[in-house]
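The primary structure of each chain is shown beneath.
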Amino acid sequence: MSAGVEQHVIKPGWFTRNVFNRLVAALTRRGISVLGSQELAVRGRKSGEWRCTPVNPLTVDGRQYLVAPRGHVQWTHNMRAAGGGELRIGKTARPFTATEVPDAEKPELLRAYLKRWKAEVGVFFDGVGPDSSDEVLLGIAPKHPVFRITLGS
């Protein structure tokens, strides 16, 4: 992975960070999932403390995935270091292990993610959508980490 791709991060704006994400996280902590959202909890790679962020888990062919629409953000670095975490809704915390998906396997997953979540996250994909070719999706794959998660680990 090239340094430019590893640095690909789209930071949330003030409204997203201070209003939207906090609202979704608060609802999720109270057991209310917003369009399938869950709270991802993963141990910080330096602090060891739990770090939480709202995510939209994706299910494809019976397997679950976490896609990072904003690129190589903090939770992706923490996930690589921790190898897993928890998905939370209300008081229910489901531990999981995570394996990063190679770029060559991402087009189908990115297509499914964009089909489901494009209205919410499409702006982070440089105009690429669910109808884009495999070649186009493969071209953006290095910018968007994807983790296959196995619950109960």
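In this report, the structure presented in the accompanying data block is examined. (Residues numbered from 1 in each chain as written. Predicted model: local features only at pLDDT ≥ 70, side-chain atom pairs only at ≥ 80, totals over all residues. Heavy atoms only, no water.)

**Some words on the packing of aromatic side chains**
In this structure the tally under the stated criterion is two aromatic pairs. Here tryptophan 75 and phenylalanine 147 contribute two aromatic rings whose centre-to-centre distance is 5.9 Å and whose plane-to-plane angle is 50°, an arrangement assigned as tilted. Of the two residues, tryptophan 75 is situated in helix α3 (residues 74-82) and phenylalanine 147 in strand β7 (residues 146-151); the sequence distance between them amounts to 72 residues. Neither tryptophan 75 nor phenylalanine 147 differs from the other in exposure class; each is buried. We note arginine 88 situated over the ring of tryptophan 50; from NZ or CZ to the ring centre the distance is 5.1 Å. The ring centre of tryptophan 117 lies 4.3 Å from the NZ or CZ of arginine 116, which sits over that ring. (Phe/Tyr/Trp six-rings, centres within 6.5 Å; stacked < 30°, edge-to-face > 60°. Helix = DSSP H or I, 4+ residues; strand = E, 2+ residues; numbered from the N terminus. Buried < 20%, exposed > 50% of the residue type's maximum accessible area, 1.4 Å probe, protein only. Lys NZ or Arg CZ within 6 Å of the ring centre and 35° of its normal.)

**Describing unusual backbone geometry**
For aspartate 61, which is not glycine, the phi dihedral falls at a positive 50°. With respect to the element layout, aspartate 61 can be found in the loop between β3 (58-60) and β4 (63-67). Overall, aspartate 61 belongs to the exposed group, its relative accessible area being 70%. Notably, aspartate 126 is not glycine yet its phi reads approximately 50°, a positive angle. Mapping aspartate 126 onto the fold places it in the loop between α4 (106-121) and α5 (134-140).

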